[in-house]
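Structural characterization, general
Residue strings, one per chain:
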Amino acid sequence: MASKNKYERLTNFVKTGNNKCKIDTLLYTGNEERDNPLIMNFDFTLDDYITQVDNSIFVNMNFEKPFQNSYIDKEEKKYEKEYNYKTTNISKTVLEIPRGYKLVKLPENSNFNNEKFSFDFKYSQQGNYIVLERTITLHTLTIEPNMFDTWNDMISKLGSSYKKVPEFVKTN
């Protein structure tokens, strides 16, 4: 029973807050010991997620957006920003090019590097698939006030990276 409950909790976690998301498969490892990273691999179906304009379609491959709302208001926040844990969020999203369409625009890669926090977005086409490999890392537990501008710069660039989408055009 505990295993089924854990599976249901993880399934709900990966649904990305969207009630149209259907988890097709979910495999996970590393949950036996607290100090081990939890690794989850899952396939899902998400209906009504494509934006269509004329003969083009656009698909945002960033279903989850860690740190999206982490901008620090320097007028309000005078002391360090604290986090409970250091983290590295690695995701790989694979999108099959829709039948009857061809890729006309692949988003540019983007990154931000700092000794305390960073991100890296890498897009590639691999056969009939578009692949987004994304890594977001927080190497510290505190963001000091003297780093707020750098942090906010990263959050702004991260937000812009979340908005980049591949464009496909109808072939017939």
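Residues numbered from 1 in each chain as written. Predicted model: local features only at pLDDT ≥ 70, side-chain atom pairs only at ≥ 80, totals over all residues. Heavy atoms only, no water.

**Section: the nonpolar core**
- The biggest cluster of nonpolar side chains holds 27 residues, and the ones touching the most others in it are Phe67, Phe117, Ile143, Trp151, Leu158 and Phe168.
- At the level of secondary structure, the elements contributing two or more residues to this core comprise strand 9 (117-126), strand 10 (129-138) and helix 2 (148-163).
- Looking at this core element by element, the count peaks at six residues for helix 2.
- The residues touching phenylalanine 67, leaving out its near neighbours within four places in the chain, are Tyr83, Thr87, Ile136, Leu138, Trp151, Ile155 and Leu158. (Core = buried A, V, L, I, M, F, W, Y, C linked by side-chain atoms within 4.5 Å. Buried < 20%, exposed > 50% of the residue type's maximum accessible area, 1.4 Å probe, protein only. Helix = DSSP H or I, 4+ residues; strand = E, 2+ residues; numbered from the N terminus. Contact = heavy atoms within 4.5 Å.)

**Some remarks on the sheet that holds strand 12 (residues 167-170)**
- Strand order across the open sheet formed by four strands is 3-4-12-7, with antiparallel pairing between neighbours. Two strands in the sheet have a free side with no partner beyond their single neighbour: strand 3 (51-53) and strand 7 (101-105). Across the sheet, the mean angle separating the axes of adjacent strands is 30° when strand polarity is ignored.
- Where strand 3 lies against strand 4 (residues 56-58), three bridges are found, and the strand directions are antiparallel. Looking at the pairing, threonine 51 lines up with phenylalanine 58 of strand 4. (Pairing = 2+ DSSP bridges. Axes fitted to C-alpha atoms, helices over the stretch in contact; angles between N-to-C directions.)

**Structural notes on the pattern of salt bridges**
- Throughout the structure, instances matching the rule amount to four salt bridges.
- One salt bridge in this structure joins aspartate 120 and lysine 122, with 3.6 Å as the shortest N-O distance.
- On the basis of relative accessibility, which here comes to 45%, the residue lysine 122 falls in the partly exposed class.
- Among the ionic pairs, aspartate 153 bridges to lysine 157, the shortest N-O distance being 3.3 Å. Placement of both aspartate 153 and lysine 157 in helix 2 is noted, with a separation of four residues, approximately one turn of the helix.
- Owing to a relative accessible area of 40%, lysine 157 belongs among the partly exposed residues under this scheme. (Salt bridge = Lys/Arg side-chain N within 4 Å of Asp/Glu carboxyl O.)

**With respect to the sheet that holds strand 10**
- Here we have four strands laid out as an open sheet, ordered 6-10-9-8, and antiparallel in their pairing. Two strands bound the open sheet, and with one partner strand each, they are strand 6 (87-96) and strand 8 (110-113). With direction set aside, neighbouring strand axes in the sheet form an average angle of 15°.
- Bridge count for strand 8 against strand 9 is four bridges, and the pairing is antiparallel. Paired with serine 110 across the two strands is phenylalanine 121, which belongs to strand 9.

**Focus: the side chain of serine 161**
- As for its placement among the helices and strands, serine 161 is situated in helix 2.
- Setting aside chain neighbours within four positions, we find serine 161 in contact with Asn62, Ser110, Phe119, Phe121 and Tyr123.

**A look at the packing of aromatic side chains**
- For the coordinates displayed, the defined rule picks out eight aromatic pairs.
- Measuring from centroid to centroid gives 5.9 Å for phenylalanine 67 and tryptophan 151, while their planes differ by 85°, and the two rings are edge-to-face. Placement of the pair is phenylalanine 67 in the loop between strand 4 and strand 5 (81-82) and tryptophan 151 in helix 2, with a sequence separation of 84 residues. For the pair phenylalanine 67 and tryptophan 151, one class covers both residues: buried. (Phe/Tyr/Trp six-rings, centres within 6.5 Å; stacked < 30°, edge-to-face > 60°.)

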